[in-house]
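# A structural walkthrough
Listed below, chain by chain, are the residues.
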Amino acid sequence: MCGIIGMKAEAMGFFATDVQDFKAMLVVSSLRGAHSTGVMGVGKHRKTDVVKAIGSPYYLYSLAEGQSLFTTMSQSYSTIVGHNRSATHGQIDAVSAHPFCEGTINLVHNGVITNMKQLATKEDDGVSVDSHLIARLLSRNNPDDILPELRGSYVLVWIDDKDGSMHIARNDERPLHIAKLKDRKRIIFASEQETLEWHSKRHNCPLEGIMWVPSFKHIIYEENAILPIEEKEYARPSFAYKANYMGSYGRRISNTQDYWDHPSVNEK
């Protein structure tokens, strides 16, 4: 289990309070994974900056690279994403921490991909982390060709340096929630709804509802936008596969339609 958080604005440059809010949310999210921490931000130059470190967010904050990144966040970023890793594949080191950068793709992942060997090619020899492989696949292929092939559990958030866009995709095995800050032109997102609620109460920042990000949709945000420009549905795994996969967790599924129906919005 890993944690993902993020902020996105309509203009480049965040307030100093946004920087502190983001750093606090990343600490709270570290309850989902404490092996390593990573942050990526992108702004006017459409070149994603990445800082990764072993251990807690506090160690990343102490690094010169981390301090520089948060200074840049207040000056020119329009999107910033953080990740807390709980290691499942690969070593516990900074190299295996998220985000993973391949070509123009900069990606964080929560979950475990179970068909990694089937997706990899000879040029992927030596890639030990499933999330790293996903970044490589997205850098070489159309996302809508890759997403239907993933098996296991995932929330994916990636930034494409080609145009500064942010992309989200998830299946129904891992959560992600998004909320708009009522008094600011910002959206915030986190793996756990409680992280967003905590942020709202602690910083006296009302939210305009919390949305459960829909599953099996590729959601695309432009560089300076807090509303998606496109939501493309892609193929779900067959029910036979899902039943077999979930059976390993001892869960019984009696009705296919009931299983796929999830609430999209929790009104607060």
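Our subject is the structure that appears above.
No experiment lies behind these values; they were computed from the predicted model shown.

### Here we look at the overall build of the protein
Along the protein, the regular secondary structure elements total nine helices and 14 strands. Residues counted as buried form 54% of the 268 residues belonging to the protein. Summing over all exposed atoms, the protein offers an accessible surface of approximately 12100 Å²; the carbon and sulfur share of this is 49%.

### Considerations on the sheet that holds strand β13 (residues 230–233)
Strand order in the open sheet made by the six strands is β5-β6-β7-β8-β12-β13, with antiparallel pairing throughout. Among the strands making up the open sheet, the edge pair consists of β5 (100–102) and β13. Here the strands of the sheet are splayed against their neighbours by 20° on average, with no regard to which way each runs. Relative to β13, strand β12 (residues 217–221) is paired through four bridges, and the arrangement is antiparallel. Bridge assignment links I219 to a residue of β13, and that residue is E231. The sheet contacts of helix α5 (residues 130–140) involve β5, β6 (105–110) and β7 (155–160), and relative to β6 the element is tilted by about 140°.

### Some words on the nonpolar core
Nonpolar side chains tend toward joint burial in soluble globular proteins. Of all hydrophobic cores here, the largest spans 27 residues; its most connected members are F22, F70, M73 and I80. When residues of this core are assigned to their parent elements, the largest contribution, four residues, is made by helix α1 (residues 16–29). Core analysis: the second largest hydrophobic core is formed by 22 residues, L133, L137, L138 and L147 among them.

### Some thoughts on helix α7 (residues 193–202)
Listed as buried for α7 are Q193, T195, L196, H199 and S200. The arc enclosing the buried residues of α7, seen along the axis, measures out at 165°, which places them on a common side. For α7, exposure combined with an orientation more than 90 degrees from the buried face picks out K201 and R202. Immediately downstream of α7, the backbone of N204 shows phi near 50°, a positive value.

### Let's talk about the packing of α1 against α7
Orientation of α1 relative to α7, taken along the N-to-C sense of each, is 140°, at an axis distance of 10 Å. Regarding the angle of α1 to α7, the classification is oblique. Along this stretch, α1 crosses α7, giving a crossing that reads as right-handed. When α1 is examined against α7, the residues D21, A24, M25 and V28 are found in contact with a partner set consisting of T195, L196, W198 and H199.

### Here's the deal with the side chain of D124
Following the sequence through the fold, D124 ends up in the loop between α4 (116–119) and α5. Of note is the side chain of D124, whose polar atom sits 3.5 Å from the side chain of R136. Those residues in contact with D124 that sit more than four places away from it in its chain are L133, R136 and R140.

### Here we look at the environment of A169
With respect to the helices and strands, A169 occurs in strand β8 (residues 165–170). Residue classification places A169 among the buried residues on the basis of a relative accessible area of 0%. The spacing of A169 and I219 is 50 residues in sequence and 6.4 Å in space, taken between C-alpha atoms. Beyond its immediate sequence surroundings of up to four residues, A169 is in contact with L147, Y154, V155, L156, W158, K217 and Y234.

### Quick look at the side chain of S165
Along the chain, S165 falls in strand β8. Judged by relative accessible area, S165 falls into the buried class, the value being 4%. One polar contact links S165 to H167, side chain to side chain, over a distance of 2.8 Å. The contacts of S165, once residues within four sequence positions are left out, are W158, I159, D160, I220, Y221, E222 and E223.

Procedures and definitions
- Residues numbered from 1 in each chain as written.
- Predicted model: local features only at pLDDT ≥ 70, side-chain atom pairs only at ≥ 80, totals over all residues.
- Heavy atoms only, no water.
- Helix = DSSP H or I, 4+ residues; strand = E, 2+ residues; numbered from the N terminus.
- Buried < 20%, exposed > 50% of the residue type's maximum accessible area, 1.4 Å probe, protein only.
- Areas by Shrake-Rupley, 256 points an atom, 1.4 Å probe, with all protein chains shown as cover.
- Pairing = 2+ DSSP bridges.
- Axes fitted to C-alpha atoms, helices over the stretch in contact; angles between N-to-C directions.
- Contact = heavy atoms within 4.5 Å.
- Core = buried A, V, L, I, M, F, W, Y, C linked by side-chain atoms within 4.5 Å.
- Arc of directions from axis to C-beta.
- Parallel < 35°, antiparallel > 145°, perpendicular 65-115°, else oblique.
- Left-handed = near helix turned anticlockwise from the far one by under 90°.
- Polar contact = N/O pair within 3.5 Å; in protein donor to acceptor, adjacent residues only side chain to side chain.

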